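# Observations on chain architecture
Given next are the chains, with one letter for each unit.
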Amino acid sequence: MGHNTSRRSYRDLIERLNRFPQGVHPSELLYRILELLFTAEEARLVAKLPIRPFTAEQAAGIWQVSRQKANQTLQRLADKALLVDIQQGDCNEYVLPPPMAGFFEFAMMRTREDLDQTLLAELFEQYISIEEDFIKGLFTNGKTQLGRTLVQEPALTEQHSLHVLDYQRATHIIETASSIGIGLCYCRHKRQHLGTNCAAPLNNCMTFNTVAASLIRHGHARAVSKQECLELLAQAWDSNLAQFGENVQRGVNFICNCCPCCCEAMLAQQRFGILQPIHTSNFIARVQDNCSGCGLCLPCCPAKVISLTHQDDRAAHPRASIDEGLCLGCGVCIRNCPRNALVMAPRASRVITPVNSVHKSVLMAIERGKLQNLIFDNQVLWSHRALAAVFGAILNLSPVKRCLAGKQLGSRYLANLCDRLDSRPSDG
């Protein structure tokens, strides 16, 4: 009976995680992962938490315990990096992050004595890299993905640098962050426990703003200055690591520095590239006529989309050839060409990046049929501010996506708002 009760707690937690736009795939491996990270009682309690940020007082009401006991539980979960606590003045709120990018990575961002990280690494490898369902669902459902490629700024010409917007620069994200935390790279740390990691730097997982502040506060990341973070970014560039950042313009919470052999995002790109699991930068790599066919660019490409081919039967030697449909536009290949035969060129169509996390979540939820979970979070009542943020993001979508959102919600109120918005005279 106790086992059945325990399994029910984890089943409820899985159901709760699947209310996120990006969820999980139920399997025996997932149950084993969650059993390592959460006690059965923690799973039971977390399964009842809302999607949006909540206070200790709200959690106490949901759990029907005293505020003091709720606060103790929430702090314990934050200490384990299973919750993120957000401190804004005198107000303290909590949020349950998704598994990825979220508490899966947080579990490996430092060495821990309270967790069997070798066993966890083995389970992660099986669940994410061997079984396809979770990683494929994470990276290929819908057109709006959780991450985007940041072009390496030194790879751009001075002329092209003038056209890079601030949110497309890793340096700008670092320079404007309110807090910066550095932890171990989840992917390479996981592979280290398996004995299959590469030699790329390990201490360069970058978190920012409220997420960084929480991880620092609970000892899962170390606080660094903007200057040190910029130095780590330069080290990542020198180590041929691509930058994979949160797919938002404002309030970026993470930048991963990715190798082609360990990184989950890059491996997903290699496996499912045609499904566009990662948003590209606004640039693309191009091969010039002076390419000698040395092949030095091939192994460093994180997406593995460069090959050597003969352009025609009369060619004396092969040249590098880039599959432009799969190129991420990271710029890693540029620094590895001894003849400057590779250049970054602007893409014909500009890549659209969601404005903030609310905008991204709404887009992902609409595309994945989960918008109702954001609106009708029935575990706890939302504040008017949170509701306004979500509805504001919906009303800023294209008419087609607003219509789709209205159908998913079945909301006359939202449909009327959308109709009124679409009937407004255009600015032109």
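The structure under discussion appears in the preceding block.
Reading guide: rules and limits
- Residues numbered from 1 in each chain as written.
- Predicted model: local features only at pLDDT ≥ 70, side-chain atom pairs only at ≥ 80, totals over all residues.
- Heavy atoms only, no water.
- Salt bridge = Lys/Arg side-chain N within 4 Å of Asp/Glu carboxyl O.
- Helix = DSSP H or I, 4+ residues; strand = E, 2+ residues; numbered from the N terminus.
- Buried < 20%, exposed > 50% of the residue type's maximum accessible area, 1.4 Å probe, protein only.
- Pairing = 2+ DSSP bridges.
- Contact = heavy atoms within 4.5 Å.
- Axes fitted to C-alpha atoms, helices over the stretch in contact; angles between N-to-C directions.
- Polar contact = N/O pair within 3.5 Å; in protein donor to acceptor, adjacent residues only side chain to side chain.
- Expected span 1.5 Å × (residues − 1).
- Arc of directions from axis to C-beta.
- 1 Å grid on protein atoms, 1.4 Å probe; cavity = no way out; pocket = protein on both sides within 12 Å on 5 of 7 lines; lining within 4 Å.
- Points joined across faces, edges and corners; volume = space filled by probe spheres on them.

### Focus on the pattern of salt bridges
A complete count under the given rule lists 18 salt bridges for this structure. The partner of E41 in a salt bridge is R44, and the shortest N-O contact between them spans 2.7 Å. Remark: R44 and E41 occur in helix α3 (residues 40-46); sequence separation between them is three residues, near one turn of the helix. In this structure E41 comes out as partly exposed when scored by relative accessible area, which is 41%. Residue R44 is classed as partly exposed on the basis of its relative accessible area of 33%. Across the pair E324 and R286 runs a salt bridge whose closest N-O atoms are separated by 2.7 Å. Taken together, the positions of E324 in the loop between β12 (319-322) and β13 (342-346) and R286 in strand β10 (residues 283-287) put the pair 38 residues apart, joining distant regions of the chain. Look at E324 and you get partly exposed, because its relative accessible area is 36%. Looking at R286, the relative accessible area reads 31%, which means it is partly exposed. A single salt-bridge network, built from bridges that share partners, covers E125, K190, R191 and E264.

### Some remarks on the sheet that holds strand β3 (residues 91-95)
Paired through backbone hydrogen bonds, the strands of a sheet run either parallel or antiparallel to each other. Taken in spatial order, the three strands of this open sheet run β1-β3-β2, and their pairing is antiparallel. Every interior strand has two partners, whereas the edge strands, β1 (54-55) and β2 (84-88), have only one. Bridge count for β1 against β3 is two bridges, and the pairing is antiparallel. Paired with F54 across the bridge in β3 is Y94. Lying on the sheet, helix α5 (residues 67-79) is in contact with β1, β2 and β3; it crosses β3 at an angle near 60 degrees.

### Observations regarding the environment of G181
Here G181 lies in strand β5 (residues 180-183). Once the C-alpha coordinates of G181 and A223 are considered, the two residues, 42 residues apart in sequence, prove to be 4.7 Å apart. Residues in contact with G181, not counting those within four places in the same chain, are C205, M206, T207, A212, I216, A221 and R222.

### So, the sheet that holds strand β7 (residues 222-223)
Read from one edge of the open sheet, six strands run β4-β8-β9-β6-β5-β7, paired in antiparallel fashion. Among the strands making up the open sheet, the edge pair consists of β4 (147-150) and β7. Two strands pair when backbone bridges link them, and strand β8 (residues 242-246) and strand β9 (residues 254-258) are joined in this way by four bridges, in the antiparallel orientation. In the sheet register, A242 faces β9, and the bridge partner there is C258.

### Overview of the side chain of Q168
Among the structural elements, Q168 can be located in the loop between α9 (158-161) and α10 (170-175). Classification of Q168 as buried rests on a relative accessible area of 8%. Here the side chain of Q168 touches L165 through a polar contact of 2.8 Å, landing on its backbone nitrogen.

### Regarding helix α13 (residues 226-238)
Since the α-helix advances by 3.6 residues per turn, residues separated by three or four positions end up pointing in the same direction. The terminal C-alpha atoms of α13, which comprises 13 residues, lie 18 Å apart, in line with the 18 Å expected from a rise of 1.5 Å per residue. Restricting attention to buried positions, one finds in α13 the residues C229, L232, L233, A236 and W237. For α13, the angular spread of the buried residues around the axis is 145 degrees, confining them to a single face. Those residues of α13 that are buried are in contact with α10, β5, β6 (205-208), β8 and β9. Backbone geometry just downstream of α13 places N240 in the positive-phi region, at approximately 60 degrees.

### Observations concerning the layout of surface pockets
Space inside the second largest pocket adds up to approximately 560 Å³. Considering the residues around the second largest pocket, the lining is formed by 26 residues, among which K143, Q276, H279, V351 and I352 are closest to the centre. The element best represented in the lining of the second largest pocket is helix α15 (residues 357-367), accounting for three residues.

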